[in-house]
Amino acid sequence: DMSRYRRLRDLREDKDLTQAQVAAALHISTRAYGYYESGERTIPPEILISLAKFHKVNIDYLLEVTDYKKPYPSKNNGGRIWPPFCFALLSGGLGA
């Protein structure tokens with residue numbers, strides 16, 4: 001589905017950023033970012049985490065699991081609290 005990551009484009013455009021600018025912030029190529037944003041490639045967990053931090057949203061929001069944007073609260077020395085969905089994704093579950 002070419003629109004599965006449409007929120008990436010929406011968040012980027014809301015900040016008036018180009019794909020190249022977001023790619024540079026993530027230390028990936030513009031082409032790779034374009035593939036992720038268009039849905040042509042599945043976004044690796046480490047890039048999802050970086051995107052969530054960059055846009056100051058949570059991963060579930062990026063994946064359209066929820067409309068709740070705010071990052072999950074920090075706990076214990078800045079460690080993140082991830083919902084069960086994200087644990088499954090990061091451990092290779094849910095068909096990832």
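Residues numbered from 1 in each chain as written. Predicted model: local features only at pLDDT ≥ 70, side-chain atom pairs only at ≥ 80, totals over all residues. Heavy atoms only, no water.

1. A short note on the side chain of S38
Line of reasoning, step 1. Inspection of the secondary structure puts S38 in helix α3 (residues 30-38).
Line of reasoning, step 2. For S38, the side chain forms a polar contact with the side chain of E40, separated by 3.0 Å. (Helix = DSSP H or I, 4+ residues; strand = E, 2+ residues; numbered from the N terminus. Polar contact = N/O pair within 3.5 Å; in protein donor to acceptor, adjacent residues only side chain to side chain.)

2. Thoughts on the nonpolar core
Line of reasoning, step 1. Core analysis: the biggest nonpolar cluster contains 18 residues, and L8, L26, Y33, I43, I47, L51 and L62 have the highest contact counts within it.
Line of reasoning, step 2. Sorting the residues of this core by element identifies α1 (6-14), α2 (19-26), α3, α4 (45-55) and α5 (59-62) as the ones contributing at least two each.
Line of reasoning, step 3. In terms of residue count, the dominant contributor to this core is α4 (four residues).
Line of reasoning, step 4. Discounting chain neighbours no more than four positions away, the residues touching L26 are Y33, I47, S50 and L51. (Core = buried A, V, L, I, M, F, W, Y, C linked by side-chain atoms within 4.5 Å. Buried < 20%, exposed > 50% of the residue type's maximum accessible area, 1.4 Å probe, protein only. Contact = heavy atoms within 4.5 Å.)

Read these as geometric descriptors, not functional statements.
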